[in-house]
Amino acid sequence: MLWKLIMYYGNIKKTDIANGTGVRVSLFVSGCRRHCKDCFNSETWDFCYGNEFTDDTMNEIITAMDKEYIKGFSLLGGEPFEKENRVAVQYILKTIKEHFPNKTVWCYSGFTFEELVGECEDILKYIDVLVDGAFVAEKKNLKLKFRGSENQRIINVKKSLEDKTVTELTEGEYDEY
(Lines give C-alpha, C1' and ligand atoms only; values in the text may rest on other atoms or scores of the structure.)
Protein backbone atom coordinates (compact mmCIF):
# COMPACT_ATOMS: atom_id res chain seq x y z
CA MET A 1 0.00 0.00 0.00
CA LEU A 2 1.54 3.28 -1.07
CA TRP A 3 -0.36 5.45 1.42
CA LYS A 4 -1.97 4.90 4.75
CA LEU A 5 -5.67 4.29 4.40
CA ILE A 6 -7.61 5.46 7.39
CA MET A 7 -10.89 3.63 7.44
CA TYR A 8 -12.51 1.37 9.99
CA TYR A 9 -14.76 -1.60 9.46
CA GLY A 10 -17.25 -3.33 11.68
CA ASN A 11 -17.24 -6.84 10.26
CA ILE A 12 -16.08 -9.19 7.53
CA LYS A 13 -18.42 -12.04 6.66
CA LYS A 14 -16.59 -14.77 4.76
CA THR A 15 -19.68 -16.75 3.73
CA ASP A 16 -22.54 -14.27 3.33
CA ILE A 17 -25.68 -15.34 1.44
CA ALA A 18 -27.90 -12.36 2.31
CA ASN A 19 -26.18 -9.44 0.55
CA GLY A 20 -26.10 -10.46 -3.09
CA THR A 21 -26.38 -13.65 -5.08
CA GLY A 22 -24.49 -16.82 -4.22
CA VAL A 23 -21.95 -17.11 -1.43
CA ARG A 24 -20.04 -13.87 -0.99
CA VAL A 25 -17.42 -12.20 1.15
CA SER A 26 -18.87 -9.03 2.70
CA LEU A 27 -17.20 -6.04 4.29
CA PHE A 28 -19.16 -3.68 6.54
CA VAL A 29 -17.35 -0.32 6.60
CA SER A 30 -17.74 2.14 9.46
CA GLY A 31 -19.05 5.67 9.22
CA CYS A 32 -22.46 6.97 8.20
CA ARG A 33 -24.14 10.32 8.64
CA ARG A 34 -27.60 9.25 7.42
CA HIS A 35 -28.71 7.60 10.69
CA CYS A 36 -31.74 5.97 9.09
CA LYS A 37 -34.54 5.14 11.51
CA ASP A 38 -34.42 1.42 12.42
CA CYS A 39 -31.05 0.90 10.67
CA PHE A 40 -30.00 -2.75 10.99
CA ASN A 41 -26.36 -1.80 11.52
CA SER A 42 -26.44 1.44 13.54
CA GLU A 43 -23.24 0.63 15.43
CA THR A 44 -21.36 1.35 12.20
CA TRP A 45 -22.50 4.98 12.15
CA ASP A 46 -19.37 5.80 14.16
CA PHE A 47 -16.41 6.33 11.80
CA CYS A 48 -14.04 4.70 14.34
CA TYR A 49 -16.20 1.66 15.12
CA GLY A 50 -14.54 -1.74 14.90
CA ASN A 51 -11.08 -2.29 13.49
CA GLU A 52 -8.79 -0.19 11.34
CA PHE A 53 -8.55 -1.43 7.76
CA THR A 54 -4.95 -2.53 7.10
CA ASP A 55 -2.90 -4.53 4.61
CA ASP A 56 -3.67 -7.59 6.76
CA THR A 57 -7.38 -6.89 6.36
CA MET A 58 -7.03 -6.69 2.58
CA ASN A 59 -5.08 -9.96 2.58
CA GLU A 60 -7.77 -11.58 4.74
CA ILE A 61 -10.43 -10.57 2.19
CA ILE A 62 -8.36 -11.79 -0.78
CA THR A 63 -7.71 -15.13 0.94
CA ALA A 64 -11.39 -15.54 1.79
CA MET A 65 -12.40 -14.78 -1.80
CA ASP A 66 -9.88 -17.19 -3.32
CA LYS A 67 -12.28 -20.10 -3.19
CA GLU A 68 -14.21 -21.48 -6.13
CA TYR A 69 -17.56 -21.36 -4.29
CA ILE A 70 -17.27 -17.61 -3.57
CA LYS A 71 -19.29 -15.77 -6.22
CA GLY A 72 -18.19 -12.28 -5.30
CA PHE A 73 -17.75 -9.43 -2.85
CA SER A 74 -20.36 -7.24 -1.17
CA LEU A 75 -19.61 -3.85 0.36
CA LEU A 76 -21.96 -2.42 2.98
CA GLY A 77 -21.86 -0.12 5.93
CA GLY A 78 -22.06 2.24 7.51
CA GLU A 79 -21.80 4.09 4.23
CA PRO A 80 -19.08 3.14 1.71
CA PHE A 81 -19.45 6.46 -0.14
CA GLU A 82 -18.92 8.81 2.80
CA LYS A 83 -16.07 11.15 1.80
CA GLU A 84 -13.83 9.74 4.53
CA ASN A 85 -14.18 6.19 3.12
CA ARG A 86 -13.82 6.82 -0.61
CA VAL A 87 -10.05 6.46 -1.02
CA ALA A 88 -9.98 3.20 0.92
CA VAL A 89 -13.09 1.86 -0.82
CA GLN A 90 -11.64 2.58 -4.26
CA TYR A 91 -8.40 0.81 -3.28
CA ILE A 92 -10.31 -2.22 -1.94
CA LEU A 93 -12.54 -2.58 -4.99
CA LYS A 94 -9.68 -2.06 -7.45
CA THR A 95 -7.62 -4.69 -5.64
CA ILE A 96 -10.51 -7.18 -5.64
CA LYS A 97 -11.19 -6.67 -9.36
CA GLU A 98 -7.49 -7.09 -10.16
CA HIS A 99 -7.36 -10.41 -8.27
CA PHE A 100 -10.81 -11.67 -9.26
CA PRO A 101 -11.98 -10.07 -12.52
CA ASN A 102 -14.71 -12.70 -12.98
CA LYS A 103 -16.26 -12.32 -9.54
CA THR A 104 -18.98 -9.75 -9.02
CA VAL A 105 -19.05 -6.76 -6.70
CA TRP A 106 -22.26 -5.64 -5.03
CA CYS A 107 -22.39 -2.39 -3.07
CA TYR A 108 -25.07 -1.03 -0.77
CA SER A 109 -25.37 2.75 -0.39
CA GLY A 110 -27.81 5.22 1.08
CA PHE A 111 -26.86 7.56 -1.75
CA THR A 112 -28.74 7.20 -5.02
CA PHE A 113 -26.98 6.34 -8.26
CA GLU A 114 -27.74 9.83 -9.52
CA GLU A 115 -25.99 11.36 -6.50
CA LEU A 116 -22.91 9.21 -7.02
CA VAL A 117 -22.48 9.19 -10.79
CA GLY A 118 -20.50 12.39 -11.26
CA GLU A 119 -18.39 12.48 -8.14
CA CYS A 120 -17.75 8.76 -7.63
CA GLU A 121 -17.41 7.20 -11.08
CA ASP A 122 -13.84 6.23 -10.18
CA ILE A 123 -15.39 3.89 -7.58
CA LEU A 124 -18.56 2.93 -9.47
CA LYS A 125 -16.50 1.49 -12.34
CA TYR A 126 -15.48 -1.39 -10.03
CA ILE A 127 -19.07 -2.19 -8.98
CA ASP A 128 -21.38 -4.53 -10.87
CA VAL A 129 -24.54 -4.07 -8.80
CA LEU A 130 -25.51 -1.09 -6.65
CA VAL A 131 -28.36 -1.29 -4.18
CA ASP A 132 -29.09 2.40 -3.74
CA GLY A 133 -31.20 4.63 -1.57
CA ALA A 134 -31.49 5.16 2.14
CA PHE A 135 -33.43 2.64 4.21
CA VAL A 136 -36.89 4.09 4.92
CA ALA A 137 -38.56 2.36 7.88
CA GLU A 138 -42.03 3.34 6.67
CA LYS A 139 -41.34 1.55 3.36
CA LYS A 140 -39.84 -1.57 4.94
CA ASN A 141 -40.83 -4.74 3.09
CA LEU A 142 -39.51 -8.12 4.24
CA LYS A 143 -40.60 -9.73 0.95
CA LEU A 144 -38.04 -7.76 -1.08
CA LYS A 145 -34.90 -9.56 -2.18
CA PHE A 146 -31.55 -7.98 -1.29
CA ARG A 147 -33.00 -4.72 0.05
CA GLY A 148 -34.92 -3.49 3.05
CA SER A 149 -37.32 -0.83 1.81
CA GLU A 150 -39.39 -0.29 -1.32
CA ASN A 151 -37.57 2.89 -2.35
CA GLN A 152 -34.28 1.04 -2.82
CA ARG A 153 -33.24 -0.09 -6.30
CA ILE A 154 -30.98 -2.87 -7.56
CA ILE A 155 -28.97 -1.32 -10.37
CA ASN A 156 -26.81 -2.73 -13.15
CA VAL A 157 -23.96 -0.24 -12.75
CA LYS A 158 -22.01 -1.01 -15.95
CA LYS A 159 -25.10 -0.64 -18.16
CA SER A 160 -26.26 2.45 -16.29
CA LEU A 161 -22.87 4.14 -16.74
CA GLU A 162 -22.78 3.22 -20.45
CA ASP A 163 -26.36 4.31 -21.17
CA LYS A 164 -26.24 7.34 -18.84
CA THR A 165 -29.59 6.27 -17.37
CA VAL A 166 -30.46 3.98 -14.47
CA THR A 167 -30.98 0.35 -15.49
CA GLU A 168 -32.55 -1.67 -12.72
CA LEU A 169 -32.12 -5.42 -12.57
CA THR A 170 -35.22 -7.57 -12.54
CA GLU A 171 -35.49 -10.50 -10.15
CA GLY A 172 -34.79 -12.88 -13.04
CA GLU A 173 -31.49 -11.11 -13.76
CA TYR A 174 -30.05 -11.23 -10.22
CA ASP A 175 -28.41 -14.63 -10.64
CA GLU A 176 -26.15 -13.30 -13.41
CA TYR A 177 -24.46 -11.19 -10.75
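Whatever comes next refers back to the structure up there.
Residues numbered from 1 in each chain as written. Predicted model: local features only at pLDDT ≥ 70, side-chain atom pairs only at ≥ 80, totals over all residues. Heavy atoms only, no water.

Visitor: For this particular structure, what's the right way to read the nonpolar core?
Guide: Nonpolar side chains in soluble globular proteins generally cluster together in the buried interior. Of all hydrophobic cores here, the largest spans 37 residues; its most connected members are Leu 27, Ile 61, Phe 73 and Phe 81. Ranked by the residues each element gives to this core, the list is headed by helix H2 (residues 86-99), at 6 residues. Excluding residues within four positions of it along the chain, Phe 73 makes contact with Arg 24, Val 25, Leu 27, Ile 61, Met 65, Ile 92, Leu 93, Ile 96, Thr 104, Val 105 and Trp 106. Grouped together as the second largest cluster of nonpolar side chains are 11 residues, Leu 76, Val 129, Ile 154 and Tyr 177 included. (Core = buried A, V, L, I, M, F, W, Y, C linked by side-chain atoms within 4.5 Å. Buried < 20%, exposed > 50% of the residue type's maximum accessible area, 1.4 Å probe, protein only. Helix = DSSP H or I, 4+ residues; strand = E, 2+ residues; numbered from the N terminus. Contact = heavy atoms within 4.5 Å.)

Visitor: Whenever I open this one, the sheet that holds strand E3 (residues 51-52) confuses me. Can you help?
Guide: Strand pairing in a sheet is mediated by backbone hydrogen bonds. Such pairs are either parallel or antiparallel. Ordered in space as E3-E1-E2-E4-E5-E6-E7, the 7 strands form an open sheet in which the pairing is mixed. Looking at the sheet topology across the chains shown, the edges are occupied by E3 and strand E7 (153-156). Pairing between strand E2 (residues 23-29) and strand E4 (residues 70-76): 6 bridges, direction parallel. Note that in E4 the partner of Ser 26 across the bridge is Ser 74. Packed onto the sheet, helix H1 (residues 55-65) meets strand E1 (8-16), E2, E3 and E4 and runs at close to 10° relative to E1. (Pairing = 2+ DSSP bridges. Axes fitted to C-alpha atoms, helices over the stretch in contact; angles between N-to-C directions.)

Visitor: Sorry, what's going on with the packing of aromatic side chains here?
Guide: Within a pair of aromatic rings, the relevant descriptors are the distance that separates the centres and the angle that separates the planes. Summed over the entire model, instances satisfying the criterion amount to 3 aromatic pairs. Arranged with centres 6.2 Å apart and planes meeting at 80°, the rings of Tyr 9 and Phe 53 form a pair that is edge-to-face. With a gap of 44 residues between them, Tyr 9 in strand E1 and Phe 53 in the loop between E3 and H1 connect regions that are remote in the sequence. Here Tyr 9 matches Phe 53 in class, with each residue buried. Ring geometry for Phe 146 against Tyr 174: centres 5.6 Å apart, planes inclined by 75°, an arrangement best described as edge-to-face. (Phe/Tyr/Trp six-rings, centres within 6.5 Å; stacked < 30°, edge-to-face > 60°.)

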